[in-house]
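What the coordinates show
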Amino acid sequence: MKNLVRIILVGMFVLPLISLALSCSEEDDCSAAARSMLYCNLYTLSDEGTAVRDTIDTLTVTAYATDSIIINAQEDVTDLSLPLRYTVDSTVLVFHYTTAETDTLVIRHSNTPYFLSMDCGYQMRQSVASISYSRHVLDSISISNAEANIYGTENLRLFY
């Protein structure tokens, strides 16, 4: 009887410690589930009317009405990774081509939180609903994939 009580007491203390040590998280590395971004490629229309990849000499991208600089004077730009805001359903970005030439993008999107794991907590799924923009240098924008992602899948085509 004494041995049975000892086995039960040891089991009550040792088994939880063993299971804690052997358990693994659903997501070993939370950075693997990094923040979703909008991936944009730059295009121009050829004489035949087909989309051809394009390059901008210099580009700075800022968040409207803040001091946040998303891209700072990057040269030979062919693609962009743009973040979307978590707290509101629209993100306003200003593209600065030169000191005098700018375009403003207003991206309306949905934010849907989802539980990733106990270690990583919540992440946000974001989907583009619509885009409005000025046409100073930028000609048009098409949405090729509405879901922001971490895989580098093209979301927007920016035509110049």
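Read on for a plain summary of the structure. (Residues numbered from 1 in each chain as written. Predicted model: local features only at pLDDT ≥ 70, side-chain atom pairs only at ≥ 80, totals over all residues. Heavy atoms only, no water.)

Let us look at the environment of Asp76. Mapped onto the elements, Asp76 comes out in strand β4 (residues 69-77). The class for Asp76 is exposed, based on a relative accessible area of 54%. The residues contacting Asp76, other than those within four sequence positions of it, are Thr55, Ile56 and Asp57. (Helix = DSSP H or I, 4+ residues; strand = E, 2+ residues; numbered from the N terminus. Buried < 20%, exposed > 50% of the residue type's maximum accessible area, 1.4 Å probe, protein only. Contact = heavy atoms within 4.5 Å.)

This part is about the nonpolar core. By size, the foremost hydrophobic cluster in this structure holds 25 residues, and its most contacted members are Leu80, Leu82, Phe95 and Leu158. Elements with a contribution of two residues or more to this core: β1 (38-45), β3 (56-63), β4, β5 (79-82), β6 (90-96), β7 (102-117), β8 (121-133) and β10 (154-159). (Core = buried A, V, L, I, M, F, W, Y, C linked by side-chain atoms within 4.5 Å.)

We note that Ala65 has phi near 65 degrees; this positive angle belongs to a residue other than glycine. In this fold, Ala65 is placed in the loop between β3 and β4. Residues other than glycine seldom take positive phi values, yet Ala73 does so here, at roughly 50 degrees. When you line up the elements, Ala73 lands in strand β4.

Attention shifts here to the side chain of Ser134. By secondary structure assignment, the location of Ser134 is in the loop between β8 and β9 (140-143). A distance of 2.9 Å separates a polar atom in the side chain of Ser134 from a polar atom in the side chain of Asp103. At a separation of 2.9 Å, a polar atom in the side chain of Ser134 contacts the main-chain amide nitrogen of Thr104. Apart from residues no more than four positions distant in its own chain, Ser134 is found in contact with Thr102, Asp103 and Thr104. (Polar contact = N/O pair within 3.5 Å; in protein donor to acceptor, adjacent residues only side chain to side chain.)

Our focus in this paragraph is the pairing of β5. Judged by which residues are buried, β5 turns out to be one-sided: Leu80 and Leu82 face inward and are buried, whereas Asp79 and Ser81, on the alternate face, are not. Sheet analysis places β1 next to β5, joined by four bridges and oriented antiparallel. Its bridge partner being in β5, Asn41 is matched across the sheet by Asp79. (Pairing = 2+ DSSP bridges.)

This part covers the sheet that holds β6. Read from one edge to the other, the open sheet built from five strands follows the order β4-β3-β6-β7-β8, with strand pairing classed as antiparallel. Unpaired on one side and paired on the other, β4 and β8 mark the two borders of the sheet. Recorded for the sheet is a direction-independent mean angle of 30 degrees between the axes of neighbouring strands. Pairing of β6 with β7, which is carried by seven bridges, proceeds in the antiparallel orientation. Bridge assignment links Thr91 to a residue of β7, and that residue is Ile107. (Axes fitted to C-alpha atoms, helices over the stretch in contact; angles between N-to-C directions.)

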